Amino acid sequence: MIELKNVSKWYGSFQVLDDCSTHIEKGEVVVVCGPSGSGKSTLIKTINALEPIQKGEIWVNGTPVHDPKTNLPKLRSKVGMVFQHFELFPHLTVTQNLTIAQVKVLGRSQDEARKRGLKMLDRVGLMAHKDKFPGQLSGGQQQRVAIARALSMDPIVMLFDEPTSALDPEMVGEVLDVMVSLANEGMTMMCVTHEMGFARKVASRVIFMDVGGKILEDCTKDDFFGNPDARQSRTKDFLGKILQH
Amino acid sequence: MAWDWQMFCEDTLDRTVREGCFGTGGDITYLDWMLSAWGWTVSVSLLALLLALVTGVVIGTLRTLPDSKWIVRFGNGWVEIFRNIPLLVQIFLWYHVVPAVFPAMKSMSGFTLVVLALGFFTSARIAEQVRSGIQALPRGQRYAGMAVGFTTWQTYRYVLLPNAFRIIIPPLTSETMNIFKNSSVAFAVSVTELTMFAMQAQEETGRGIEVYMAVTGLYIVSAFTINRIMTFIEKRVRVPGLVAPGAAGGH
């Protein structure tokens, strides 16, 4: 469903992605991990062209993202994205956050959008907060609303860019619960995260990136966690550090 | 020297005191004149404000467009031109130079030219505020707008501008008050606004203190009214739970 072929990206002369290739099939959950500065967030943002690439090809559901002629807003409306800092629209209520893009982008009626949005809000367990503003919610609640906002658009794939890194530890669980249930329902997902528990539970594959924007590992979850000897030394080193605690 | 407020009730032609302080049958008193001058001040200011807001928001927005080098340069050039030339010089440029270059503008009244001059001068300052307001928003807001499928225009319309506007209300308030005060330079091209009135009435009556006190009072009333209106707007659009835009995002 998603295919990246030899993707490279530079900021000026600084290379942030180095010849990255991978693919995500329908229903797969792919976890991307790696140290900071390895280009994980950049990689995931290239899939809906929030970050343009200079070399390579990216195909999403048959649409060439790298092609300048592609209608990017239309493509993005089908790709749900959840950000590290939630990025709800602060001047709109929760319900408005859920409906505005459905109405303005998908052309749904206000009623239809509201129905769909509230259904998703109910799914993430926040119906009671539908009339509040984002600033009145906790971080975990905001992130769940952000997930509901993305789901309201009926996306074909969900991208998560470190969805729990900005949260208080207490709130990480509620967000991961929503993500796990999504994965179990068969949603196609790509998640940049350091939550190895989440990866162990639901990932189909794990991608490990290292500084310089290279994909070092791209293997099944069982291989990644269960067969350390087959891993590169940099990966072992990283896993050793984050799994220790 | 005793104050003589009665001079405002004098007819401007024969200097006789009129009953009720307002002129009749086409004759006007100094009070009539001053109120009409106040009307010109308010008209110049409000029209210039309208022009400045529209142009300022457009130029300020253009300056933040991603991947549009030439549009950004145009916006930057606009701001630099209009804010690096003294306002009084700009008024004279519009009055003496621009019509010479564009003959079609020769028929424009001093009033129109002053509105253009003051409007564009202020637009540069508003554009600067709009730009900084948009750039003060977390970068993720633009991403979030794009990610839900908004076009660039929709991202500005529904996400960036409403939030930037809330940030820049305080500097925008000063700018709106400044327009009222700056409108006084219109006297230089013979628009009969308050300052013009003050200078002429002072000369005719020799009552400089009274005249300038009254005119000063009217400027203060005008600027303060604007200040109150803006404060009202600021309260109306305040978002519950939001200290500063972006704070909710943990930036």
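Scroll up a little and you will see the structure.
Just so we're clear, the structure is a prediction, and the values are computed from it rather than from any experiment. (Residues numbered from 1 in each chain as written. Chains lettered and ligands numbered in written order. Predicted model: local features only at pLDDT ≥ 70, side-chain atom pairs only at ≥ 80, totals over all residues. Heavy atoms only, no water.)

Trainee: So what about the packing of helix α3 (residues 94-104) of chain A against helix α4 (residues 110-123) of chain A? Which residues, and what values?
Mentor: Residues and elements named next belong to chain A. α4 packs onto α3 with a crossing angle of 130° between their chain directions and a minimal axis gap of 8 Å. By the angle class used here, α3 and α4 are oblique. Between α3 and α4 lies a crossing of right-handed hand. Judged by residue contacts, V94, T95, L98, T99, Q102 and V103 of α3 engage Q110, E112, A113, R114, R116, G117, L118 and L121 from α4. Classifying every residue of the contact of α3 with α4 by side-chain character gives six nonpolar, five polar and three charged. (Axes fitted to C-alpha atoms, helices over the stretch in contact; angles between N-to-C directions. Helix = DSSP H or I, 4+ residues; strand = E, 2+ residues; numbered from the N terminus. Parallel < 35°, antiparallel > 145°, perpendicular 65-115°, else oblique. Left-handed = near helix turned anticlockwise from the far one by under 90°. Contact = heavy atoms within 4.5 Å. Nonpolar A, V, L, I, M, F, W, Y, C, P; charged D, E, K, R; others polar.)

Trainee: Before we move on, could you go through the interface of chain A and chain B and cite the residues and values that matter?
Mentor: In this complex, chain A contributes 27 residues to the contact, which on the side of chain B involves 26 residues. Carbon and sulfur atoms supply 65% of the area buried between chain A and chain B, which totals about 2300 Å² over both sides. Together, E87, P90 and H91 of chain A form the three largest contributors to the area buried by chain A at its contact with chain B, with a combined 25%. At the boundary of chain A and chain B, one finds zero salt bridges. Of all the secondary structure elements, the ones that give two or more residues to the side of chain A that touches chain B are α2 (72-77), β6 (79-82), α3 and α5 (139-152) of chain A. A class-by-class count of the residues in the side of chain A that touches chain B yields 14 nonpolar, seven polar and six charged. (Buried area = accessible area lost by both parts, 1.4 Å probe. Salt bridge = Lys/Arg side-chain N within 4 Å of Asp/Glu carboxyl O.)

Trainee: Which residues make up the environment of Q200 of chain B, and what values go with them?
Mentor: Residues and elements named next belong to chain B. Assignment of secondary structure puts Q200 in helix α7 (residues 194-205). By relative accessible area, which is 34% here, Q200 ends up partly exposed. C-alpha separation for the pair Q200 and V211, spaced 11 residues apart in sequence, amounts to 9.7 Å. (Buried < 20%, exposed > 50% of the residue type's maximum accessible area, 1.4 Å probe, protein only.)

Trainee: Tell me about the layout of surface pockets, and name the residues and values.
Mentor: Quantified by volume, the largest pocket comes out at close to 760 Å³. What lines the largest pocket is a set of 26 residues, among which A49, L50 and P52 of chain A together with D67 and M146 of chain B lie closest to the centre. Elements that contribute at least two residues to the lining of the largest pocket include exactly β1 (2-11) and α2 of chain A together with α5 (139-147) and α6 (152-182) of chain B. Within the lining of the largest pocket, the residues separate by chemical class into 14 nonpolar, five polar and seven charged. In this structure, the second largest pocket occupies an estimated 380 Å³ of space. Every residue lining the second largest pocket is counted, 20 residues in all, and those nearest its centre are L53, V57, F165, L172 and M230 of chain B. Counting only elements with at least two residues in the lining of the second largest pocket, the list comes to α1 (30-62), α4 (110-136), α6 and α8 (208-236) of chain B. Per-element tally for the lining of the second largest pocket: the top contributor is α6 of chain B, with nine residues. Looking at side-chain class alone, the lining of the second largest pocket contains 17 nonpolar, two polar and one charged residues. (1 Å grid on protein atoms, 1.4 Å probe; cavity = no way out; pocket = protein on both sides within 12 Å on 5 of 7 lines; lining within 4 Å. Points joined across faces, edges and corners; volume = space filled by probe spheres on them.)

Trainee: How would you sum up the side chain of T99 of chain A? Please name residues and give values.
Mentor: All names here are of chain A. Counting through the fold element by element, T99 comes out in helix α3. Of the residues examined, T99 reaches a relative accessible area of 5% and is grouped as buried. Once you skip the residues sitting within four places of it in the chain, T99 turns out to touch Q110, A113 and R114.

Trainee: Outline the state of the cysteines, supporting the account with residue identities and numerical values.
Mentor: What the rule picks out here adds up to one disulfide over all chains. Through a disulfide, C9 of chain B is tied to C21 of chain B; the S-S separation comes to 1.8 Å. The S-S bond linking C9 of chain B to C21 of chain B shows a torsion near -75°; that makes this disulfide left-handed. Here C9 of chain B is found in the segment before α1, whereas its partner C21 of chain B is found in the segment before α1, with 12 residues between them in sequence. No difference in accessibility class separates C9 of chain B from C21 of chain B, as the two residues are buried. No disulfide involves C20 of chain A; its sulfur sits 14 Å from the nearest other cysteine sulfur, which is in C33 of chain A. By relative accessible area, which is 1% here, C20 of chain A ends up buried. (Disulfide = S-S within 2.5 Å.)

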